[in-house]
Structures are given as structure tokens and as C-alpha cells.
Amino acid sequence: MSKSVTNNQYIPLPPPDAEVITTACSYCIVACSYKVYRWPVGTEGGTKADQNAFGVDFPTGGAPWIAASQHNIGMHNGIQHHMIVLPDPDAEVVNRNGNYSVRGGTLAQKIYNPQTPTRERLTHPMIRIGGVLTPVSWDLATDVMAAVSKHVLKEHGEHAWGMKTYSYEYFENTYAISKLVNQAIGTPVYAPHDKPQAGNDAAGLDDSGINSFSASYDDWGKCEVAFISGTDPYETKTVLFTEWMMYGDVPDKKMIFVTPHRTMGVEWALKNGGLWLPIIPGTDTVLHMALARIIIENGWQDQEFIDKWTNNKWEIESGYGRGTRNTQWQWRTTWGRWQSNWDDYQKFITNEKAAELSEASRITGIDPELIVKAAEMIAKPRADGSRPKTSFMLEKGNYWSNNYMNTASFASLALINGAGNRPGRVVSRGGGHQRGGMGAGGKKGFLSPEKYPGRRKKSLNVDRWVMDGKVRFMWTVGLTWFAAMLSSQKLSDRVADLTVRNPHHPSNLDRDHLIETLIKRVESGGMVLVDSDIYPVDPLNTQYADIVLPASGWGEQDLTRCNAERRLRLYAKFNDAPGDAKPDWYAISQFAQKMGFKGFDWKDSNDIFEEASRYSRGGVLNYHALAVAAKAEGKRGHEKLREYGTTGIQTPIRVKDGQLIGTKRLHDPTNDWGEVEGVTNDQKWLYAFGTQTGKANILKTPWNNDGWSDFYEAIKPRPDKGEIWITNGRVNETWQSGFDDLRKPYLAKRWPWPFIFIHPDDAAPHGIESGDLVEGFNDTVYVQTGSPVGIKSDDLSFTRLMERGHIETTTGQFVAVAIVSDEMRPGVAKASFNYPGSMANSVCHAVPDPVSGNYRYKLGRGVLRRIGESQFKHSFLEMSLKPRPVV
């Protein structure tokens, strides 16, 4: 390898015989199409058309431009290879013609290369001996895990064995995890990476009958108005914004952003006739109701759609009789405060004080004129009587502040405007992670000790269960855990009590000694912790975990998953995993077989892909028809999917005239083909809404209720203490915790420290300037404890939980670099979400929504304290402190 290649002073061109492998970006929900060009080090292409893989003469404007960040050197079959990772210039879907974000544009930099910061990858299983992680074999690590797990299950039962894992990291891995948790171990102690319990993200949307990912990207291009709540797609889903929302079939569409932060996407919208509604965190429900009231009072609702596609009073309870409503959505939509229909909703919205314009303005902090303008933009018919095609997008700023009420009221607002199942008129999440979750059935939620009022089981809160000392063996996979949850420091401190502060620690690698010592820890009330990941995660696996397993990831194994429009593709293997790193399904397989569980002896990832297809049949990610077609053609499932290249195919996959057909959008009546063909799995929600009648539920959401009001009053910033709201989020250049980005030199320089955006009015009293180090501190962080059981309707309210000793208080703090700018609404600061070493969620309250069980991650509060200058205040080499609203 020449010095110039090592230092990236020039980028070699791929030769004509370079291998071309298709894949997709591994980061945000958009999942742009990519191609990898691979060839051995020691050769390279030339500038003439017949000398390079692109078939063009260089320099030219007709071939892909290769940036330094798009080239790396990795290993393939143990031999060094050049690897260039480029957006597919021939893509006809997703990132058409090779559009890409700064995250995707640096994909090549995550390829393992010991000459780069990726040298920090975990490469061998390790067991902590005397406080030091010591390399061991997979055989020894899984031996110890199995022996301790058998003891825990025998002596303490399935409630003492738990897992918390990613929900997105490819079907093959998540199916293996689900099969272990649900079918083999049979434990209710499971939660995904972003929630304290197993549950839905946008429960109100689900209850209305709308799937959270029902739309296609094309719908965002076809809409004339986009109402965007709790997110900026430019910052977090860049190509969805730049390829489809800024352009598409309607390039002059108007966008309405509801967020306290005027980011780049918001600024673009403002300069193109859109609106910014700078909302006070947690009050989105009031805004939705106020907009609905204005629309109804002016007769702007889509009455034809409402009459045809929403349930009336009798249809809501159709098919239930007098029996119990056993699922959460059944009892929420047919009993109690949320139940409604069009006639009832009109009466509710007319009498709801919070929906009055003046009151809504007071609660949300939004100018009443802006609210009226937004209602007109969304729904006011034109002079010819035609209605604007309005689509509705929500994300975490919406559903992670007031989970159930915000999502239910959002759905109702969309439905009265005729959105939900038509081109350019959709309701959908924007999305965070890609959709790589695949269950194996047999969930054990019925074993949870928690329940809602009445006889209805509630998923177990894993964080609380661990903190209460109920878990003796815990396995975490691919997450930060503490920083991503709430009251982060208290959770981290409690896990330290159960692990490193427990007196029982192995002193050598003798197998029997390891097992005996860890069992002593279990019996003393401690917890054995196993963590699987690709990198060190502080403090989870650097300080606390007893056993650390090295995972392989993107590009190191053939794997599959979908994006936000349910587009399934093969993420092909193109480089070797470092050392003895293995895919997570392999770790599950080895452990399960040593536990004596049957059906885990997979030979490769394709075995799992084909097995899991049967379990996909009833859901929106159904790809079973593809697996069956592959078998009929004498092919493996992965190979059949590979034929679809970067285009892939949208799920659910069905069969028509003998051909595999993808599904563009859900709930669309044009999906009704009559008689089904072959292995096609007919589901009503394909061509109607996801309810028993196929019609959507309009839900009411009273602002003052015992599941929300008392909590919100308790956690508001206290002016007498100088507190403000401290919410959190991310920016375009960093993906999640920065696990890759902090190891990419270019992006690491862009954000070498966590940020906190502060309005000048909030910074001035404390003498805070851009570049200063600032502490956010909350002296009263509420934490729910125990496993409260609901009997009466208000038993899970904040007030009752306080009265019955289920609420504790603690403190929380974090430090970040200030960016002082009027891009924030006054009274709200925005901290970097999940940045290593800066747990912004420490100032947020670990009290879940009593209706959905989800945390309110965006509702932190605290005082700001200047603690000095950062190294970036007077330097221009790293971390730009410029405001975000640049167009």
C-alpha cells in the first residue's frame, strides 16, 4: 500500500474487474441505496474509459465523484482490498440518481481498518477478571453464560432472566433474539433499546387504525402541504427531505413545522411559504385540538372521507358484544375517555376549553395568528372547492413528550382532513432506526406483574425491575442503555451496585471458578451482566459487564431489513469482521444450544431469514412470498432478494399473476385485489384501516385528565428556581450515540463534544456565551418505582403513585458546549441526545405514560450553569458554533 493511499491524499479508481456489491446505508430510516466497489490492494483503475469500472474518461462530470470519505481499505477473505462505498447513481427509488446525506457519504469510514479509529472494535469475547476484561474463547464465554442462566432459571424463575436489545439490527438477529426470549426462556423481562418495556411507539396512531409506516416516500412528494410534528426530516432523514419533500411531484409544497427548534429544514420551509410553530414541549395535543376546532367551526373538514372511512357510534363496538376487551387498543377505543366518533368528537372539541384559540395559544406558547394560518394551510378549500392534499408526519418530539394523547390527537386531526389512505394524503411516522425487527411469536407479556386498571396486563418495565433487584442475569445487545433511558445517572448507579460493587468477582479463568463465583453473586442479590456490541460502550461494557461479546455488523454478514416505506433489501457482506467478532444471531445460537434449546442450530444468516419468513406473514413486513418463490426456483432466500439489487421490494409482498408484487402504501383501497393468490396473506389493513370494521377511529383527548395533568404540572420548569425546559435531539451530522461518527475523523471534528442550543434570553442571565461549558442540572427528577397495579381508573396517575410511595426523587446533570442562538424558542434548551459521557436524559423524569407505558423523553427541565470556557470557544479547527438555520 502506498503512503498516499494510506493518508487519503488521492483516491484510486476501481479497475474494470472490480467486484460490485449492492447494499443500503446502515443509518437512518431512509436507507439509501449504495454500491460497494471492491478490488485487491496493489491494483487500481486508470483514467481512460476502458481502464476503470465506471467506463468513462476522467476527469468527467458523467461518473460518480469519489470523496476521500468514501474510500477505505478492508479485509476480504483475509486479503487487503480497496473498498469504495458510493450511493447508487442508477437508483430509481429512495435516493434517486445517487442522492445521499453526510452520514451515508461517510459509510466507508466505518469499515474496520486498524490504521483508523475503527481499531477500537471489539474483536474477541472477554470476561472481567479482577476488574480487567480478559480475552477468552466463545466456547468459554457461552459455557459460563449457560451455566449461570440455568441456575437462575431453576432457582429464581424466568422473571429473573432478562434482555434489553436493539429492535432494528436486521431480521436475522432480532428474530434469533425473539425466539430465545419468547419461545426458549419464556420471560416477560424484555425491552427494546428505546423503551423501558415492550410496546408500540405511537400507540394513539395504532388505536386509530393507522399503521405508523403506512406511507411511501412518493406520498411525501405528492402532498401539497406537509404537517410535520416533532422532527426535522432534513436533520434526521435527510434524503427523504431533499429528494422527496423539497421536490417530488409537488416541488412547491408548503411545510408546517411544529418544534421548539428552528433547524435547517424549518428555515427552508419558512423561506418557501411554510410555517414554524415553536411549541412548548408536551403541549402538542392542545395544538392538534385547536387546529381541529378551527377546521370544524369553518366547515373545512373532509366530510366525504369522514362518512366513508371513520367508525360511527355503532361500528366502534361492532363484534365485541358485552365481553372484555382483552387487548390494550380494544379497551382504549371502546371504553372510557378516549372513545369517540365523529358526532361525539364535534361535541367534545366544541366544549374542550384547551381547544379554544386563546387558551391553546396560552398553553402551547404559539401565536394565535400562526395557529389560524396553519389551519387554513392544512384544510381550507380553494375557490373551486378542491381541498389541499395534506399529509401528516410525526416523530419523537411528538410522541416522546406526551405519548398517547399526542399521537391520538394527531391521528384525529389527520383523519378529519381526509388523510390516511390516499396518494399524497397519508399519516405516518418519519422514522428513526430502520425496520429490522422480526418477532418469533409467543410473547410472554401475560407473565408481567403489572397491569392497567381492570383485568388488563401491562408490559413489564425492565428498568424498574432491574433497579428493584429482581433480575439476576441480564443480557444487553447493541445499546447504551443508561444514556438512552431516563434518570440516566440513577439507573447507571443502580446497575453498578448490582455488578461491580457486589463483592463477588472472578479472579481467574478457571471455568468452574467463573461459574461458582458468578452464582455467588446471583445468590447475594447481585446481577450478572452480559453485553454484546461492536465497540466499547462506557460504562455499560467498559466498567460493568462481566462478559462482553464482540459483534459483527453492516457489511460483515448477509443481512436484511426494511426502511420507512417497508422496502426490503439485502445488505450484502463485502468485508471480513475483525478478529473473532460474530453476528449476534451466532451468539444467540451458541448460547441457546448450550442451554439445551432446540431449533437454534442455524448454519448461516440465510437459514434464519427463511425460517423467520413464516413469522412475518401476519405483519406489514411480510416477505414470506419471496422465500417461497426462492424455494420453488431452487434458490436460497437471500439470493432471491439479491436479484432485486438496490431497488428491493416493498412489503407486504404478495403474488399476482404468478409475480411477486410489493405494496406501495397501506390502507389504500386499490390494494384490494379480490381473490388472493398463492401464499398471499390477505389482511384487511392492506386496503382499509387496521380496525375490526376497516374504518378508522376518531379519538378524543381531554387535556385535563388523571393520566397527564398532574404529572405535567409537577414537571414544568419552576420560574422561582430559574429553570427552563431542557429537551434533547440530534443533528444531521451525527447518528445516534455517534458510535461510528466519533471514529470518523471528519465528523468527529464537527461534533467532538455534545452541544446544548440555548436562546440568548436564557443564556444572558447566566453569562453564557457560545463555546462555554454549561451544566444542566435538575434537583428534582421523578422516578417511578416498584410494579404498581391498576384497579381503579386513576390508580396509575402521578398523584396516586406519589401517595402510595411509587415515586422517588433524585437529581440529574450533564455538561455540554453552549451554542447561543435565537433558533430556539425562549424557555427551551436542546441538548445532544445520547452523546457519550453526557447523559442529557439524566434531567428527565423516569415516569412512564400510564396509558402506553412509554417514557416522556423530551420533557427534561433544569437550571443552566456556566462552568467555564471550552477549548472550542476561540478555535476554528473543530466544532462550529454557528447557528443551524442556514439555507
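To start, this report covers the structure provided alongside it. (Residues numbered from 1 in each chain as written. Predicted model: local features only at pLDDT ≥ 70, side-chain atom pairs only at ≥ 80, totals over all residues. Heavy atoms only, no water.)

Turning our eyes to something else, we now look at the overall build of the protein. Along its length, the protein carries 29 helices and 27 strands. Against the compact-globule benchmark of 29 Å for 887 residues, the protein has a radius of gyration of 27 Å, which places it among compact chains. Considering only C-alpha atoms, the protein reaches an extent of 70 × 70 × 65 Å along its principal axes. Of all 887 residues assigned to the protein, the portion counted as buried reaches 66%. Put simply, 75% of the contacts in the protein that link residues at least 6 apart link residues at least 24 apart. Surface exposure of the protein reaches about 30,700 Å², of which carbon and sulfur atoms provide 49%. (Helix = DSSP H or I, 4+ residues; strand = E, 2+ residues; numbered from the N terminus. Rg over C-alpha atoms; globule rule 2.2 N^0.38 Å. Buried < 20%, exposed > 50% of the residue type's maximum accessible area, 1.4 Å probe, protein only. Contact = heavy atoms within 4.5 Å. Areas by Shrake-Rupley, 256 points an atom, 1.4 Å probe, with all protein chains shown as cover.)

Centre distance and the angle of the planes are the two values used to describe a pair of aromatic rings. Following the criterion strictly, the structure yields 38 aromatic pairs and no others. Plain terms: the ring middles of Trp309 and Phe689 are 5.8 Å apart, the flat faces sit at 85 degrees to each other, and that makes the pair edge-to-face. Of this pair, Trp309 sits in helix H10 (residues 303-309) while Phe689 sits in the loop between strand S21 (659-661) and helix H26 (709-715), placing them 380 residues apart in sequence. Accessibility classification places Trp309 together with Phe689 in one group, the buried group. Where Trp585 meets Tyr586, the ring centres are 6.4 Å apart and the plane angle is 75 degrees; that geometry is what we call edge-to-face. (Phe/Tyr/Trp six-rings, centres within 6.5 Å; stacked < 30°, edge-to-face > 60°.)

The next point concerns the pairing of strand S23 (residues 755-758). What you see with S23 is no split at all: Phe755 and Phe757 on one side and Ile756 and Ile758 on the other are buried throughout. By the bridge criterion, four bridges tie S23 to strand S25 (residues 807-820) in an arrangement that is parallel. Within the sheet, the bridge partner assigned to Ile756 lies in S25 and is Ala818. One ladder, built from two bridges, connects S23 with strand S26 (residues 828-832); its direction is antiparallel. Its bridge partner lying in S26, Ile756 is registered against Ala831. (Pairing = 2+ DSSP bridges.)

To continue, consider helix H19 (residues 488-498). Residues lying three or four places apart along an α-helix face the same way, a consequence of the helix completing one turn every 3.6 residues. Among all positions of H19, only Ser488, Leu491, Ser492, Val495, Ala496 and Leu498 are buried. Axial view of H19: buried residues confined to an arc of 160 degrees, hence all on one face. Summarising the contacts, the buried residues of H19 are in contact with helix H18 (462-467), helix H20 (511-523), strand S15 (528-533) and helix H21 (540-544). (Arc of directions from axis to C-beta.)

Let us now look at the sheet that holds S23. Pairing within the closed barrel is mixed, and its six strands lie in the order S22-S26-S23-S25-S24-S27. Strand-to-strand twist across the sheet, computed as the mean angle between neighbouring axes with direction ignored, equals 45 degrees. Bridge count between strand S22 (residues 724-729) and strand S27 (residues 860-869): three bridges; the pairing is antiparallel. Residue pairing in the sheet places Ile726 in a bridge with Gly860 of S27. (Axes fitted to C-alpha atoms, helices over the stretch in contact; angles between N-to-C directions.)

Spanning twelve residues, helix H15 (residues 368-379) covers 17 Å between terminal C-alpha atoms, matching the ideal 16 Å at 1.5 Å per step. All of the buried residues in H15 are Ile371, Ala374, Ala375, Met377, Ile378 and Ala379. Along the axis of H15, the buried residues cluster in a sector spanning 165 degrees; they form a single face. Contact partners of the buried residues in H15: strand S9 (225-229), strand S10 (254-258), strand S11 (275-277), helix H9 (284-297), helix H14 (357-364) and strand S12 (390-394). Put simply, Asp367 is the residue that caps the front of H15, since its side-chain oxygen is 2.7 Å from the backbone nitrogen of Glu369. (Expected span 1.5 Å × (residues − 1). Polar contact = N/O pair within 3.5 Å; in protein donor to acceptor, adjacent residues only side chain to side chain.)

Glancing now at the environment of Asn834. Tracing the chain through its elements places Asn834 in the loop between S26 and S27. Look at Asn834 and you get buried, because its relative accessible area is 10%. Distance from Asn834 to Gly729, taken between C-alpha atoms, is 8.5 Å for residues 105 residues apart in sequence. Among all residues touching Asn834, those that are not within four sequence positions of it are Thr480, Ala483, Ala484, Gln736 and Ser737. Within the structure, the side chain of Asn834 is placed 3.1 Å from the side chain of Thr480, a separation counted as a polar contact.

With that settled, consider the sheet that holds strand S14 (residues 473-477). Pairing is mixed in the open sheet, where seven strands are placed in the order S6-S5-S16-S15-S14-S7-S8. Only two strands of the sheet have a single neighbouring strand rather than two, namely strand S6 (132-135) and strand S8 (190-192). Averaged over neighbouring strand pairs, the angle between their axes works out to 20 degrees when direction is ignored. Summarising the sheet, strand S5 (residues 126-129) and S6 pair through four bridges and their orientation is antiparallel. Within S6, the position partnered with Met126 by the bridge is Pro135. Contacts between helix H2 (residues 138-156) and the sheet are confined to S5, strand S7 (161-165), S14, S15 and strand S16 (547-550), with S16 contributing the most and set at about 130 degrees to the helix. Contacting S7, S8 and S14, helix H3 (residues 171-185) crosses the sheet at an angle of about 160 degrees to S7.

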